[in-house]
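Coordinate inspection notes
For reference, the chains in residue letters:
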Amino acid sequence: MKTSKLGIYSLAAGMFAMAITGCGGKKDESAEAPAPAASAPAGKMVDAATAGEVTGSVKLDGAAPKMKTISMAAEPACSKGRTSPAMSEEVVTGDGGALANVVVYVKSGLEGYSFPAPSGAVKIEQQGCQYHPHVVAMQVGQNLDVVNDDQTTHNIHPIPMQNREWNESQPPGAAPIEKSFAREEIAIPVKCNVHPWMKAYMAVLSNPAYQVTDKDGKFDLKGIPPGTYTVVAWHELYGSSEPQTVTIGPKETKNIAFTFKAAASGD
Amino acid sequence: MNTAYNREMPNRNLHHYAVFTACSTFLLLIAGALVTSNQAGLSIPDWPLAYGSIHPPMVGGIVFEWSHRVMAASVGFLTIVLASWIWVAEKRPWMRWLGFAALGGVIAQGILGGLTVRMFQPPAVSAAHATLAQLFFSTVVAIAVFTSAWWQTPVTEVDDSGTPRVRSLAVWSCVAIFLQLILGAAFRHNGFGIIPHLIGAVVVTILVFMTAGALKRRFPGVAPLRNCAKILHMLIGVQLLLGAGAYWSRIYAARFPQPIPVMVTLTVIHTVTGALVLASMLVTTLISYRLVAVGSLVGKPATPREQVA
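Considerations on the pairing of strand 14 (residues 227-235) of chain A
Residues and elements named next belong to chain A. Relative to strand 14, strand 2 (residues 103-108) is paired through five bridges, and the arrangement is antiparallel. When the bridges of strand 14 are listed, Y105 appears paired with V232. Pairing analysis gives five bridges linking strand 14 to strand 16 (residues 244-248), with the strands arranged antiparallel. Within the sheet, the bridge partner assigned to G227 lies in strand 16 and is I248. Two elements, strand 14 and strand 15 (residues 239-240), share two bridges in a ladder whose sense is antiparallel. Bridge pairing in strand 15 places W234 opposite S240.

Have a look at this one:
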């Protein structure tokens, strides 16, 4: 029967097309050989007696896009106790165009130093069906505690490119989920598939010279030994800034500034 | 050669059950599309259980994902019954194997669905899951056609003297539509950009119009073929409009922090209409092979088709 030939042609075409769609897209983490942790090799320790600082601020040049209201009508447990509507947090600005939620970090120059993971954990909380903080930064190997303060179920799902992906549910009242990331990555998007408006970012750094800006847009990277460094600012919408080269002497503080252009994102 | 015609009455109950299974599968396609459009695919992190049990908390995206899993299990059960019934009741050996193929398809779909959860929705697996869904739907529709009384009674064949033959046009249209569905699934699951799917839309539109046009021009007095042409014309026009709307809505919805109803509605309807386009073209192909003979005399009563392969 001719329809059997039709079936064979369709199956062959489908297999061919599915092979093509296998190209690109997410890499197969299960087949990837694990890379050594960025801070693993033994190096010298920073001498606190000579360490300096890099301070500064991050601003947004231009009008910030208007943030959208989040509709939580489908989930009463999320809007319970709220006195104002929840807003998306893609671009949060303060006075004078100060830009919040920017990860400022030393990208290069600290490779010869050793930075054991801090013993304390970084915490991200789910409150009112939003992540707090919206952007969190931690060191490679540092513990991350995920806490559910809501009376509803969440699932927390980081979507890394360099680290192992995971997706775990967290009912109300459940114990904190404890995780860590083995490789530097700036930054890992995080979402909750139960509540699709919930988004956050986790930056994993190989050294402790980083900070996430608040609404004042300010940062202060401490404990940097004398030397020349590349400092970068990253924002979830505006991406990575042009790197800035900074040379620090013993106990010296240098001040730099980053500016992101609002129009560059296509707002 | 055995040309004896099987004069047993077609099994109407089996046919009605096949139609019911096809309709249920269509509803399952809608449920699956709702999961994707609402970004709820991983709202249940475990599989085959859900939050460690068979009934998870029904909040947010879990409602869509859980409903999809329940409906999938139901269609799986319907398909087991369908394949078993065909195996017992059918005298046509190829029909038995087609029922078996449908069962294999729904089992493979279940496995692919589990893999999308366990592997965190890699584009290739998600696109394969979406594509096999369309293929499975078409298989069940084909079973419904083959179990119909119309298919199993003698027909008068008509000659196709045009070029290309409508049979060929219909087959190539089926292949093009199937590839277009793959490209659409790959785009929807972030494996490809939109360009391949747009190019595919042009190719599919041309082929569908050629096929439907040939059916209308060459067989104006043959009701089944004429009706196929009307349905194809209508569906392809609607699908093109839905495609434009779905794409616009995705761009518009990207500004919002969550899926918005207009985007969900347009993308879901566009997805399931794609399945209807494929199924309609498949039915057109089957009817063309049933009614249109290449090279035979016009109006000659055809020898009833052999029921035994």
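Concerning the packing of helix 1 (residues 12-37) of chain B against helix 2 (residues 62-89) of chain B
All names here are of chain B. For the pair helix 1 and helix 2, interaxial distance at closest approach is 9 Å and the crossing angle is 155°. With respect to helix 2, the axis of helix 1 lies roughly antiparallel. Handedness of the crossing formed by helix 1 with helix 2: left-handed. Of the residues belonging to the contact of helix 1 with helix 2, the class tally is 16 nonpolar, eight polar and one charged.

Focus: the domain arrangement of chain B
Residues and elements named next belong to chain B. For chain B, the domain assignment lists domain 1 (11-153) and domain 2 (155-303). Distance from the C-alpha centre of domain 1 to the C-alpha centre of domain 2: 22 Å. At the level of elements, helix 1 and helix 4 (123-146) are the ones that each hand at least two residues to the side of domain 1 that touches domain 2. Here the side of domain 1 that touches domain 2 gets twelve residues from one element, more than from any other, and that element is helix 4. Across the side of domain 1 that touches domain 2, the residue classes tally to 14 nonpolar, eight polar and no charged.

Quick word on unusual backbone geometry
The omega torsion across H132(A) and P133(A) is 0°, close enough to zero to call that bond cis. Inspection of the secondary structure puts P133(A) in the loop between strand 4 (130-132) and strand 5 (135-139). Residue P164(B) is reached from T163(B) by a cis peptide bond, and omega for that bond is -10°. The backbone of N101(A) sits at a positive phi, close to 60°, despite the residue not being glycine. Tracing the backbone shows N101(A) in the loop between helix 2 (76-79) and strand 2. Assessed through the 25 C-beta atoms surrounding it within 10 Å, N101(A) is described here as buried.

What to know about the interface of chain B and chain A
With 40 residues of chain B in contact, the opposing surface of chain A contributes 35 residues. Every element with two or more residues in the side of chain B that touches chain A is listed here: helix 4, helix 5 (166-188) and helix 8 (261-291) of chain B. Of all the elements, helix 5 of chain B adds the most residues to the side of chain B that touches chain A, at seven residues. Here the residues of the side of chain B that touches chain A are counted per class, giving 28 nonpolar, eleven polar and one charged.

Some details on the domain arrangement of chain A
Residues and elements named next belong to chain A. Once the domains are mapped, chain A shows domain 1 (44-112 + 213-267) and domain 2 (116-206). With 13 residues of domain 1 at the contact, the number on the domain 2 side is 16 residues. Tallied by class, residues from the side of domain 1 that touches domain 2 come to eight nonpolar, one polar and four charged.

Considering the sheet that holds strand 13 (residues 218-224) of chain A
Residues and elements named next belong to chain A. The three strands are arranged 13-1-17 in an open sheet whose pairing can be described as mixed. The sheet is open, and its two borders are formed by strand 13 and strand 17 (253-261), each paired with just one other strand. Neighbour-to-neighbour, the strand axes of this sheet turn through a mean angle of 20°, independent of strand direction. Taken together, the five bridges between strand 1 (residues 52-61) and strand 13 define a ladder with antiparallel strand orientation. Counted as the bridge partner of G56 is F219 from strand 13.

Quick word on the pairing of strand 11 (residues 199-205) of chain A
Residue and element names in this part refer to chain A. With six of seven residues buried, strand 11 lies mostly within the body of the structure. Relative to strand 11, strand 5 is paired through five bridges, and the arrangement is parallel. Looking across to strand 11, one finds that M138 is bridged to V204. The pairing of strand 10 (residues 185-191) with strand 11 spans five bridges and is antiparallel. Within the sheet, the bridge partner assigned to V190 lies in strand 11 and is A200.

Rules of the game
- Residues numbered from 1 in each chain as written.
- Chains lettered and ligands numbered in written order.
- Predicted model: local features only at pLDDT ≥ 70, side-chain atom pairs only at ≥ 80, totals over all residues.
- Pairing = 2+ DSSP bridges.
- Helix = DSSP H or I, 4+ residues; strand = E, 2+ residues; numbered from the N terminus.
- Axes fitted to C-alpha atoms, helices over the stretch in contact; angles between N-to-C directions.
- Parallel < 35°, antiparallel > 145°, perpendicular 65-115°, else oblique.
- Left-handed = near helix turned anticlockwise from the far one by under 90°.
- Nonpolar A, V, L, I, M, F, W, Y, C, P; charged D, E, K, R; others polar.
- Domains from an automatic or database assignment.
- Buried ≥ 20, exposed ≤ 12 C-beta atoms within 10 Å, placed from the backbone.
- Contact = placed C-beta atoms within 7 Å.

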